[in-house]
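Residue strings, one per chain:
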Amino acid sequence: LYVHCLSDTGAMCYQGLDIAAKRSRKDLNIQGVVWDSCCGPYPEATIVRVLVLTAVWFLCCLRDWTSGESSLKDSLLSSYLMITDRVIPAMIIRWKGQPNPFGLIKGVWAGDFGRDYYKNRFATPELFLYSDTDFYLPYHYMENTVLAMRQNVGAPFRKVMFKGSAHVAHLRNHYKSYIAEIHEFVTQNNNIK
């Protein structure tokens, strides 16, 4: 089984799957993990970030409504709940100077789950796909923290930094090379350095 995570939301899904597998004592036999725009630092809830996230959420709801994927009522309700259940509580927590617990599973941020993944599955090959222009995952954090930790202990990984693609946009912007990297990783993961 190969796991392919897109952004820290994908890492969060894998984190939940990993917990569920451990609880049920199932060995998923993971042969490799692809981290596409993953393993970012824990996001600080600043006013700008919260407003950006809210705007993106609203635009997604608007797109869903205009494409017919949801009703106007559902889109408005989703936006309302985003503001009342996420935005306002996050800002209150921020103003009180407390850490924001949103997005943690058993107290662990998905980006940290990915960052520290090699510690629990040292022999599992990993492929990191990231960009020099990712707003959410700065390449210097990826290289100086996530990848440096693996390099220091000799964990098996491969890295590909795409030029100019936005967060989780590498497949769209670099289709042929992205597919080639995935194919090579899956078929020849014994040669990862």
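Just so it is clear, the model here is predicted, and its values are computed rather than measured.

## Describing the environment of Gln 15
Relative to the helices and strands, Gln 15 is located in helix H1 (residues 7–23). Given the relative accessible area of 3%, Gln 15 is considered buried. If sequence neighbours within four positions are ignored, Gln 15 has contacts with Ile 105, Val 108, Trp 109, Ala 110 and Phe 113.

## As for the pattern of salt bridges
Under the criterion given, the structure shown has nine salt bridges. In this structure, Asp 18 engages Arg 121 in a salt bridge whose closest nitrogen and oxygen atoms are separated by 3.2 Å. Placement of Asp 18 in helix H1 and of Arg 121 in the loop between helix H5 (117–120) and strand E5 (126–131) is noted, with a sequence separation of 103 residues between them. A single network of salt bridges, built from pairs that share partners, joins Asp 112, Arg 115, Asp 116 and Lys 119.

## What to know about the packing of aromatic side chains
The description of an aromatic ring pair rests on the distance of the ring centres and on the angle between the ring planes. Applying the stated criterion across every chain yields a total of 11 aromatic pairs. Counting every residue linked through ring pairs, the aromatic cluster contains Tyr 14, Trp 35, Phe 113 and Tyr 117.

## Quick word on the pairing of strand E2 (residues 32–36)
With respect to burial, E2 is a largely interior element, five of its five residues being buried. Where strand E1 (residues 2–6) meets E2, five bridges bridge the pair, whose relative direction is parallel. Bridge pairing in E2 links Leu 6 to Asp 36.

## What to know about the confidence of the model for the protein
Here the protein averages 90 in pLDDT, and 97% of its residues register 70 or above. Mean pLDDT across the elements of the protein ranges from a minimum in helix H2 (residues 47–66), with 84, to a maximum in E5, with 98.

## Some thoughts on a nonpolar patch on the surface
The grouping of Ile 47, Leu 51, Ile 83, Ile 88, Ile 92 and Trp 95 at the surface amounts to a nonpolar patch, some 620 Å² of accessible area in total. Those elements that place two or more of their residues in the nonpolar patch are H2 and helix H3 (72–95). Broken down by element, the nonpolar patch gets its largest block of residues, four residues, from H3. Tracing the sequence through the fold places Ile 47 in helix H2.

What counts, and at which threshold
Residues numbered from 1 in each chain as written. Predicted model: local features only at pLDDT ≥ 70, side-chain atom pairs only at ≥ 80, totals over all residues. Heavy atoms only, no water. Helix = DSSP H or I, 4+ residues; strand = E, 2+ residues; numbered from the N terminus. Buried < 20%, exposed > 50% of the residue type's maximum accessible area, 1.4 Å probe, protein only. Contact = heavy atoms within 4.5 Å. Salt bridge = Lys/Arg side-chain N within 4 Å of Asp/Glu carboxyl O. Phe/Tyr/Trp six-rings, centres within 6.5 Å; stacked < 30°, edge-to-face > 60°. Pairing = 2+ DSSP bridges. pLDDT = per-residue confidence, 0-100. Patch = residues over 30% accessible without salt bridge, like charges linked within 9 Å, V, L, I, M, F, W, Y side chains within 5 Å. Areas by Shrake-Rupley, 256 points an atom, 1.4 Å probe, with all protein chains shown as cover.

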